[in-house]
Amino acid sequence: MQASERNVHSLMNLTGKVAIVTGAAGWLGSAMSRALAEAGARLVVTSRDASQAKAFAASLPGVGHLGLAFSQGDTDSIPAFVATVGEHMGAIDILVNNAYGGAPADIDSATADDFDQAYHVGVTGCFLLARDIAQHLRGRGSGGSIINIGSMYGVVASYPEAYAGLDINSPPNYHGLKGGLVHLTRHLAVYWARDNIRVNCISPGPFPKLPAIDKAHPGFIKRLEEKTPLGRMGKPEELKGIVLLLASDAGSYITGQNILVDGGWTAW
């Protein structure tokens, strides 16, 4: 090893860093939050429910975490939220733009309001929060990492037969907004690279909440497994490595990328 080369433990060590994870208490957000905390970061975790955010923050390994109520759809509250985080934590280094709220609209009955709500939270809110964090990072002059959470459904269409005859759908508003978020990631990355602010996107594949989904929609999981080269659903812990890579110095030369974690789904 060259004298100047850092080892992998050093590259992935987030001690002294502060990370925000929105929608942190959810199925995937909770695993990604634990990954960053396990690597030494102090976390600000959000939920629309203040008590849930505080309880989740208290459950994380390490010390100094903060749970805050925050609704990304209330875009007017974003500047005050960022200021509050800065005041309590001293600085912000990492943002995981994970929160989402949108109606599971059917392709035959989706309304303009369904699209407006989904885009407002999942694209507009993500952009405005990322921009305020980027301005904070620019003011500090230290660079940082912004990670948007997309979806494989922002890259490929779903299989209609996977949903046929079941009381579950593949919402067109979700597909549209996630595709927009993937491309927005690229755009922000090239504009903010001059300030050493990296912007990337993680696009999970099939990570259904088991066994609840299988119980509510018998046969659906089997259909998805048949479409996945690895033949199984993803486990939330399988996102921990990629979020740590992109948040840490181990990913310091990665920006403008959309990384799919999908069991090979998009390789067909």
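All residue numbers refer to positions counted from 1 along the written sequence of the respective chain. Owing to the predicted nature of the model, reporting of local features is limited to residues with pLDDT of at least 70; listing and counting of side-chain atom pairs is limited to 80 or more, with chain, interface and lining totals taken over all residues. Calculated side-chain values reflect all of the structure's heavy atoms, with hydrogen atoms and water omitted.

1. Observations regarding the state of the cysteines
Then, in step 1: Note on disulfides: each one is a pair of cysteine sulfur atoms within 2.5 Å. Inspection of the entire model under this criterion finds zero disulfides.
Then, in step 2: Its sulfur unpaired, Cys126 is 9.2 Å from the next cysteine sulfur, which belongs to Cys201.
Then, in step 3: Under the relative-accessibility criterion, Cys126 is labelled buried at 2%. Burial status follows relative accessibility: with a 1.4 Å probe on protein chains alone, a residue under 20% of its type maximum counts as buried, one over 50% as exposed, and anything between as partly exposed.

2. Quick look at the pattern of salt bridges
Then, in step 1: The rule for a salt bridge is simple: a side-chain nitrogen of Lys or Arg has to be within 4 Å of a carboxyl oxygen of Asp or Glu. Per the stated rule, a full pass over the model turns up seven salt bridges.
Then, in step 2: Across the pair Lys222 and Glu226 runs a salt bridge, and its minimum N-O distance is 2.7 Å. In this pair, Lys222 and Glu226 are both assigned in helix H9 (residues 220-226), four residues apart and thus about one turn of the helix distant.
Then, in step 3: Note on Lys222: relative accessible area 52%, which makes it exposed. The helix count covers DSSP runs of H or I at least four residues long, the strand count covers runs of E at least two residues long, and both are numbered beginning at the N terminus.

3. Here's the deal with the packing of helix H2 (residues 29-38) against helix H10 (residues 240-247)
Then, in step 1: Angles shown run from 0 to 180 degrees and are taken between the N-to-C directions of axes, each axis being a line fitted to C-alpha atoms and, for helices, limited to the stretch in contact. With their axes 9 Å apart at the nearest point, H2 and H10 run at an angle of 55° to one another. When the axis of H2 is compared with that of H10, the two are oblique. Once H2 is placed against H10, the crossing between them reads as right-handed. Residues Ala31, Met32, Arg34, Ala35, Leu36 and Glu38 of H2 lie in contact with H10, whose contacting residues are Lys240, Val243, Leu244 and Ala247.
Then, in step 2: Under the scheme applied, nonpolar residues are Ala, Val, Leu, Ile, Met, Phe, Trp, Tyr, Cys and Pro; charged residues are Asp, Glu, Lys and Arg; polar residues are all the others, including Gly. Class assignment for the residues of the contact of H2 with H10 results in seven nonpolar, no polar and three charged. With respect to orientation, any angle under 35 degrees is reported as roughly parallel, any angle over 145 as roughly antiparallel, any angle of 65 to 115 as roughly perpendicular, and every other angle as oblique. Whether a crossing is left-handed or right-handed is set by the direction in which the near helix is turned from the far one by less than a right angle, anticlockwise for left-handed and clockwise for right-handed. Whether two residues are in contact is decided by their heavy atoms: any pair within 4.5 Å suffices.

4. Remarks on the side chain of Ser33
Then, in step 1: Among the structural elements, Ser33 can be located in helix H2.
Then, in step 2: A relative accessible area of 0% places Ser33 in the buried class.
Then, in step 3: The contact partners of Ser33, leaving out residues within four places of it in the chain, are Val21, Ala24, Leu43, Val45, Phe56 and Leu60.

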